[in-house]
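Letter by letter, the chains look like this.
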Amino acid sequence: MYILGYTTMIASFIFSLYGLWAYGYGIKKKKETYVESGKGAVFAVFVTATIGICLLVYLLVTNHFEYKYVAAYTNSSLAWFYRFCALWAGNAGSLLLWAFLLSLFAFIIAYSKRTQAHALTPYALLVLLMNLVFFFLVLSINENPFKMTKTIPLDGNGLNPMLLHPGMIIHPVSTYVGYVTLAVPFAYTIGVLFQRDWSAIWVPLIRKWTLIAWVSLTIGNLVGAWWAYVELGWGGYWAWDPVENASFMPWLTTTALLHSLMMQEKKQMLKGWNVALVIVSYFLSLFGTFIVRSGVLTSVHAFSNSTLGTYFLVFIIVMFIVTMYVVADRAHVWKQNKVVIEHIFSKEMSFLVANLIFIGGTIAIFWGTIFPLVSETIMGKKVNVGAPYFNEVTAPIFLALILLMAICPIVPWKSASIPVMLRRLSIPAIVSGCIVVALYVMGKKGVYVTLACFIVTFMIVVHIIELFSDVWKKKKGTQQSIIHVLAHLLKYNGRKYGGYIVHIGIAFIAFGVIGSQAYSEEMMKTLSLGESVKIGDYKLLYKSLDERYEKDKDVVYATLKVHEDNEKTNVLEVEKWFYHHWKEPSSEVALQSNVFEDLYIVLSSWESDRSATFLIKINPLVSWIWIGGVIMMIGAVIAMTHPMKGGRK
């Protein structure tokens, strides 16, 4: 099977290289036969890539330890679905997954009835094949997933225990899909520039693929945050880790792109801006892949392979040079039909300002992420930038964005009447003010936090009022129920109201971040058996410390009895796992969660007299982050399923 597996890598590289030449020659000479031949090469790449990835999955699931990759990331004690997840646990498997997804997208574009006959498609496939040539070249000469071991081990190393979590089934794949999908809008954009003319199909095409990338990155970031919260045992969900930042930055730029594409679609504005956003998003996806695989920045998520990082750096530089040449050579294309914003108080201006804020946040995060590299290059000393920098810099940026999100739904196109705007904003402002006063009375103080709560509340109230105001207007004079009218609006103007629901989800996430950052309580306490400690409304009694032995690990666990002020009692177990095949222990936190707060407990250490040290935290509103993520996905599905038909956003 080694020969078959490695042959699929070589064949995929050869077919990609041939397809690249066939499309390039066919486009240059305007010979349709070569373009059709290139299309056949795309099909061949997809077939060989599919065979390759299916073969690797089979080897992983069936424990073929004679293969280095299988021995490195699986063992016989793993459940079959975690052996399947080993596909993306290392460099070779994750790169093959990336290449397979890219070949799948190229196949869809080449053979879809909506795109195969379009003039942009050959150019787009030319660019995608350039990417495929690179990936299969790396897989063939540097990261062959089908390498054999010199001696067959009795068992494999298995997965890193931190990856043995449902979140790791979803998070990596979603992030990869987001990264790979961004290559498609980039490919179509290069095609538009090559053709020296805008196509009517360009905006809806790249919007569809950008929305897929945005949804995938959203799921990847949120599930990754959830995994970090329940698995890493440090009590948080976002550490501004370089790899976390690398997946968050393209999310910001694709969000900006989705908004500015609407401007081009409705007003023929921001064409050059959209070109720039597409290009930046694509290169940020490559940058994220470089960070993960180069080892140049310290991260719990990184694979740390400096040789592979060099390949990616060279590829990024080559693609950047080619892209800048095309952009400069076709500058007149994306500068044409420039439209001026008519009024400062207009939806056009609000969208533009929102885009600038998104880019400002991206630049701030990018600078903080690469600063260790910059400092090491200039001063010879790597200076790491921690969470305080990112929190201090990004908090006002994102609050400004949320405030703009609150105002945008009531601002009309072209120009707005300030008195009308103020009247429509008055009720949300009063409601938000009352809620903030209530928080102050309850003891939730702090000027900055109070202002943040007001802005987020203001945003969510505006959207709810606007949504149900439209429902009420539609319901007038009819016998239809509110639910029926709401369903009708969502069906026939899904982009507008789906966007509203996404914004409401973002508000929930913002509340979760504010609550967990501003009002959390934490203590590190050493307790003897029978001793208790109080934190917030909870009293924790340390009852026992025991040990049990399982097939693949030893488990030390402490039992605590939790009393709440409302006399509710619960028993929690907090554990430390010691895997037989892994040096580092894994923490299994005890989590008592409700809609208002989480009680979060970690077993840090213990002594021979059975005294134990616990990290105990109260994290308010963390569950709102996960609720907000679900709401965002509901809104995104509505926006994707029901495109706007003459509606107003």
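Note that the structure is predicted; figures quoted are calculated from it, not measured. (Residues numbered from 1 in each chain as written. Predicted model: local features only at pLDDT ≥ 70, side-chain atom pairs only at ≥ 80, totals over all residues. Heavy atoms only, no water.)

The subject of this paragraph is the overall build of the protein chain. Each helix and strand in the protein chain was counted, giving 20 helices and nine strands. Against the compact-globule benchmark of 26 Å for 649 residues, the protein chain has a radius of gyration of 27 Å, which places it among compact chains. The principal-axis extent of the C-alpha atoms belonging to the protein chain is close to 85 × 80 × 60 Å. By sequence separation, contacts in the protein chain at least 24 residues apart represent 71% of the contacts at least 6 residues apart. Split by element, the accessible area of the protein chain, about 28300 Å² in all, is 65% carbon and sulfur. Measuring between centres, the 52 positive side-chain charges of the protein chain sit 16 Å from its 37 negative side-chain charges. (Helix = DSSP H or I, 4+ residues; strand = E, 2+ residues; numbered from the N terminus. Rg over C-alpha atoms; globule rule 2.2 N^0.38 Å. Contact = heavy atoms within 4.5 Å. Areas by Shrake-Rupley, 256 points an atom, 1.4 Å probe, with all protein chains shown as cover. Lys, Arg positive; Asp, Glu negative; His and termini not counted. Charge placed at Lys NZ, Arg CZ, Asp CG, Glu CD.)

Moving on, we get to a nonpolar patch on the surface. A cluster of nonpolar side chains, namely Leu4, Phe43, Val47, Ile51 and Tyr111, defines an oily patch on the protein surface of about 400 Å² accessible area. In terms of residue count, helix H2 (residues 32-61) provides more of the nonpolar patch than any other element does, three residues in total. Locating Ile51 in the fold gives a position in helix H2. (Patch = residues over 30% accessible without salt bridge, like charges linked within 9 Å, V, L, I, M, F, W, Y side chains within 5 Å. Salt bridge = Lys/Arg side-chain N within 4 Å of Asp/Glu carboxyl O.)

The next thing to look at is empty space enclosed by the protein. Across all of its chains, the model carries one cavity of 30 Å³ or more by this definition. If you add up the space inside the largest cavity, you get close to 50 Å³. In terms of lining, the largest cavity is formed by Trp98, Leu102, Asn131, Phe135, Tyr179, Val180, Ala183, Tyr282, Ser285 and Leu286. If you list the elements that add at least two residues to the lining of the largest cavity, you get helix H5 (91-111), helix H6 (121-141), helix H7 (167-181) and helix H11 (271-294). Ranked by residue count, the leading element in the lining of the largest cavity is H11, at three residues. (1 Å grid on protein atoms, 1.4 Å probe; cavity = no way out; pocket = protein on both sides within 12 Å on 5 of 7 lines; lining within 4 Å. Points joined across faces, edges and corners; volume = space filled by probe spheres on them.)

Glancing now at the confidence of the model for the protein chain. Mean pLDDT over the protein chain works out to 87, with 94% of the residues at or above the 70 mark. Put simply, helix H13 (residues 331-335) is where the protein chain has its lowest mean pLDDT, 65, and H2 is where it has its highest, 95. Considering only residues more than four positions removed or in separate chains, one finds that residues 644-649, a stretch of pLDDT under 50, has 18 contacts. (pLDDT = per-residue confidence, 0-100.)

Counting buried residues along strand E4 (residues 553-564), nine of its twelve residues qualify, which places the element largely inside the surrounding structure. Sheet topology note: the strand E3 (residues 538-549)/E4 ladder contains eleven bridges and is antiparallel. Paired with Leu545 across the strands is Ala558, a residue of E4. Once E3 ends, the chain turns through three residues before running back antiparallel as E4. (Buried < 20%, exposed > 50% of the residue type's maximum accessible area, 1.4 Å probe, protein only. Pairing = 2+ DSSP bridges.)

With that out of the way, let us pick up the environment of Gly635. Inspection of the secondary structure puts Gly635 in helix H20 (residues 622-641). Using a relative accessible area of 0% as the deciding quantity, one classes Gly635 as buried.

As a further point, take the environment of Val630. Tracing the chain through its elements places Val630 in helix H20. On the basis of relative accessible area, Val630 is assigned to the exposed category, the value being 52%. With 411 residues separating them in the primary sequence, Val630 and Ile219 have C-alpha atoms 9.2 Å apart.

Here the structure, examined in full by the defined rule, presents six salt bridges. A salt bridge links Glu466 to Arg424; the nearest nitrogen and oxygen atoms lie 2.7 Å apart. Of this pair, Glu466 sits in helix H17 (residues 447-475) while Arg424 sits in helix H16 (residues 418-441); the two residues are 42 residues apart in sequence, bridging distant segments of the chain. By relative accessible area, which is 34% here, Arg424 ends up partly exposed. Through salt bridges with shared partners, one network takes in Arg548, Glu550, Lys553 and Glu575.

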